[in-house]
Amino acid sequence: MNDTLQTLYDVILSRKAEPQEGSYTAYLFDKGLDKILKKVGEECAETIIAAKNGMEEDTVGEISDLIYHLMVMMAELDIPLSAVLAELNRRGQKIGNLKQFHVTDKES
Ligand SMILES: N=c1c2ncn([C@@H]3O[C@H](COP(=O)(O)OP(=O)(O)OP(=O)(O)O)[C@@H](O)[C@H]3O)c2ncn1[C@@H]1O[C@H](COP(=O)(O)O)[C@@H](O)[C@H]1O
């Protein structure tokens, strides 16, 4: 999972560094942050609509569009993918510690 995200993020970063003809990602960087944020908002709304309609395939497609546009936003803002993954890991470890605490609490 992280490998897939990292590979996609690396391609997005390379489009930012070296824009390619016909690249949608390069087009977004050329348009700038406001355009990218507008796309994030649109894809978020489309994800909600697909989820509400209960169509799994459509929802998966919209989630993928949303993640892609979020990663373009991160690249535009120079936020490394590792920062988000580290934050998710930190939260996971916190929850892990809480579970451990509850188990210990019951046992005593
Ligand atoms: N994962 C994606 C990805 N997901 C969604 N999209 C594009 O996001 C757009 C969303 O569709 P919309 O109808 O909402 O937008 P649109 O009308 O085409 O564009 P706007 O005028 O609204 O900006 C489509 O053009 C999709 O092709 C993506 N474009 C590129 N990638 C990946 O990005 C990498 C670089 O690709 P290039 O940008 O093609 O070089 C590759 O790994 C691609 O697979």
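Shown above is the structure to which this text applies.
Structural notes, computed from the coordinates.

1. Observations regarding the pattern of salt bridges
All chains considered together, the criterion is met by 5 salt bridges. Residue Lys38 pairs with Glu42 through a salt bridge whose shortest N-O separation is 3.3 Å. With Lys38 and Glu42 both in helix α3 (residues 33–53), this residue pair falls 4 residues apart, about one helical turn. Relative accessible area serves as the criterion here: at 28%, Glu42 is assigned to the partly exposed category. Across the salt bridge formed by Glu87 and Arg91, the nearest N and O atoms sit 2.9 Å from each other. With Glu87 and Arg91 both in helix α5 (residues 81–107) and 4 residues apart, this pair spans about one turn of that helix. Overall, Arg91 belongs to the partly exposed group, its relative accessible area being 47%. Each of Lys38, Lys39 and Glu42 takes part in a single network of salt bridges with overlapping partners.

2. Description of the side chain of Thr47
With respect to the secondary-structure elements, Thr47 resides in helix α3. Taking the relative accessible area as the measure of exposure, Thr47 reaches 13% and is therefore buried. Apart from residues lying up to four places away in sequence, Thr47 is in contact with Glu62, Ile63 and Leu66.

3. Notes on the side chain of Lys39
As for its position among the elements, Lys39 is in helix α3. Classification of Lys39 by relative accessible area gives buried; the value is 14%. Filtering out sequence-adjacent residues up to four positions away, Lys39 remains in contact with Tyr24, Leu28 and His69.

Parameters at a glance
Per chain, the residues get numbers from 1 upward, laid out in the order the sequence is written. The model is predicted, so local features are restricted to residues of pLDDT at least 70 and side-chain atom pairs to those at 80 or more, both for listing and for counting; the totals for chains, interfaces and linings are taken over all residues. Values reported for side chains reflect all heavy atoms of the structure, with hydrogen atoms and water molecules removed beforehand. Salt bridges are defined by distance alone: a side-chain nitrogen of Lys or Arg within 4 Å of a carboxyl oxygen of Asp or Glu. Put simply, DSSP H or I for four residues or longer makes a helix, DSSP E for two residues or longer makes a strand, and each gets a number counted from the N terminus. In this scheme, a residue with accessible area under 20% of its type's maximum is buried, one over 50% is exposed, and one in between is partly exposed, where area comes from a 1.4 Å probe on protein chains only. Residue contacts follow a heavy-atom distance rule, with two residues in contact if any of their heavy atoms lie within 4.5 Å.

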